[in-house]
Amino acid sequence: MNVLRYVLIILLFGCATAAAAPASDGSIKELLTITQAQKILDGMRAQFDSLMNNAVQQALRGKTPSAAQQKAIDNMKNRMIAVLQGQLAWEKLEPMYLRLYRESFTEDEIGGMLVFYKTPAGQAVINKMPLLIQKTMTEIQTMSTGLAPQMLSIQKDFMVEIQAADK
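What counts and how
Residues numbered from 1 in each chain as written. Predicted model: local features only at pLDDT ≥ 70, side-chain atom pairs only at ≥ 80, totals over all residues. Heavy atoms only, no water. Phe/Tyr/Trp six-rings, centres within 6.5 Å; stacked < 30°, edge-to-face > 60°. Axes fitted to C-alpha atoms, helices over the stretch in contact; angles between N-to-C directions. Helix = DSSP H or I, 4+ residues; strand = E, 2+ residues; numbered from the N terminus. Left-handed = near helix turned anticlockwise from the far one by under 90°. Contact = heavy atoms within 4.5 Å. Nonpolar A, V, L, I, M, F, W, Y, C, P; charged D, E, K, R; others polar. Core = buried A, V, L, I, M, F, W, Y, C linked by side-chain atoms within 4.5 Å. Buried < 20%, exposed > 50% of the residue type's maximum accessible area, 1.4 Å probe, protein only.

Colleague: What is the right way to look at the packing of aromatic side chains in this model?
Modeller: For any two aromatic rings, the description comes down to two numbers: the centre-to-centre distance and the angle of the planes. Counted according to the given criterion, the structure contains 4 aromatic pairs. Arranged with centres 5.7 Å apart and planes meeting at 45°, the rings of Tyr101 and Phe105 form a pair that is tilted. Counting every residue linked through ring pairs, the aromatic cluster contains Trp90, Tyr97, Tyr101 and Phe105.

Colleague: Got a minute to help me understand the packing of helix H2 (residues 25-34) against helix H5 (residues 90-104) in this structure?
Modeller: Geometry of a packed helix pair, given as the angle between the helix axes and the separation of the axes. Their axes nearest at 10 Å, the elements H2 and H5 cross at an angle of 115°. As for the relative orientation of H2 and H5, their crossing is right-handed in sense. Contact with H2, carried on its side by Asp25, Ile28, Lys29, Leu31 and Leu32, involves Trp90, Glu94, Tyr97, Leu98, Tyr101 and Arg102 of H5 and no other residues of that element. Tallied by class, residues from the contact of H2 with H5 come to 7 nonpolar, no polar and 4 charged.

Colleague: What exactly am I supposed to notice about the nonpolar core here?
Modeller: A general tendency of soluble globular proteins is for nonpolar side chains to be buried together. The biggest cluster of nonpolar side chains holds 16 residues, and the ones touching the most others in it are Ile28, Leu31 and Ile110. Contributions of two or more residues to this core are made by H2, helix H3 (37-60), H5 and helix H6 (107-117). If one sorts the elements of this core by residue count, H2 sits on top with 4 residues. The contact partners of Ile28, leaving out residues within four places of it in the chain, are Ala23, Leu98, Tyr101, Arg102 and Ile110.

Dropping the structure here:
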């Protein structure tokens, strides 16, 4: 009978520890602060402006827009930036971050991340990750420039096949 009691205690204790505490809003907010999530988000918005300028330059293909065209371009960019800033406002995204982190991590896991990010190595990750991501995106973009002609060729082949299938 004593053995059964010990087995039950071990099982109950095991079940209790398996149900880890969900992460608290306070610890998640601390993690978001230490990892500079809001600053990274601000940087993403700034990069969007650069991406739009590049897209406009590609669309113009080296031609200089007239004053009216430049006004229309500036108007479009300003409107797009306003929409993006509205959608990516920290006040709007923070509740989403809290929910997703709470669904994804336990309090112990968030605590472990906080311990790591407070170390010099963790701070190095925080400070260097945006540049690493930017460099990675640049390399991927460079690698993918040769894909456009291939994709267009596949698309043309597809259109021929679709038209043939309709006959």
